[in-house]
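Structure assessment
Listed below, chain by chain, are the residues.
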Amino acid sequence: MTDSLITRIKHGETATLEFKSSLRYNIRANRMDKDIENSVLKTIVAFCNTKGGELLIGVSDDKSISGN
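Here's what I pulled together on the structure shown here. Note that this is a predicted model, so its numbers are computed, not measured. (Residues numbered from 1 in each chain as written. Predicted model: local features only at pLDDT ≥ 70, side-chain atom pairs only at ≥ 80, totals over all residues. Heavy atoms only, no water.)

In a regular helix each residue adds 1.5 Å, so 15 residues correspond to 21 Å; helix α2 (residues 34–48) covers 21 Å between its end C-alpha atoms and thus fits that length. Taken together, the buried positions of α2 are V40, T43 and F47. In an axial view of α2, the angular spread of the buried residues amounts to 55°, which keeps them on one side of the axis. Residues K34, D35, K42 and C48 are exposed on α2 and point more than 90 degrees away from its buried face. (Helix = DSSP H or I, 4+ residues; strand = E, 2+ residues; numbered from the N terminus. Expected span 1.5 Å × (residues − 1). Buried < 20%, exposed > 50% of the residue type's maximum accessible area, 1.4 Å probe, protein only. Arc of directions from axis to C-beta.)

Checked against the element boundaries, S60 lands in the segment after β4 (54–57). Not counting residues within four places of it along the chain, the set of residues in contact with S60 comprises F19, S21 and S66. (Contact = heavy atoms within 4.5 Å.)

As a rule of thumb, soluble globular proteins bury nonpolar side chains together. With five residues, the main nonpolar core is built from I9, L17, F19, L56 and V59. Excluding its chain neighbours within four sequence positions, the residues that come into contact with L17 are R8, G12, F47, E54 and L56. (Core = buried A, V, L, I, M, F, W, Y, C linked by side-chain atoms within 4.5 Å.)

In this section: unusual backbone geometry. Note on backbone geometry: most residues besides glycine have negative phi, and most peptide bonds are trans. Its identity is not glycine, yet N30 carries a phi of approximately 60°, on the positive side. Even without being glycine, K63 reaches a positive phi, approximately 75°. Here K63 shows up in the segment after β4.

Our next topic: the pattern of salt bridges. Summed over the entire model, instances satisfying the criterion amount to four salt bridges. Where R24 meets E37, a salt bridge forms, and the shortest distance between an N and an O atom there is 3.3 Å. A residue pair is termed long-range when its members are at least 10 positions apart, and R24 in the loop between β1 (17–20) and β2 (25–26) and E37 in helix α2 qualify at 13 residues. Given the relative accessible area of 40%, R24 is considered partly exposed. Between K34 and E37 there is a salt bridge, with its nearest N and O atoms 3.8 Å apart. Taken together, the residues K34 and E37, both in helix α2 and three residues apart, mark about one turn of the helix. What emerges from the salt-bridge pattern is a single network uniting R24, K34 and E37. (Salt bridge = Lys/Arg side-chain N within 4 Å of Asp/Glu carboxyl O.)

Here you go:
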């Protein structure tokens, strides 16, 4: 069974798959943003406290791949 990254992105976010367009950078405001960073950290902690998961940085909620 092939479970490619593109296929997982196309199926969208789940309880164990989260998309974040950036790790620390607010694309809309065009600046570094501690709120973005905290959101990513909260996701990591949530995965650590549950059954785990995958966090894809550079993928937006609309499934577009930005690579930021």
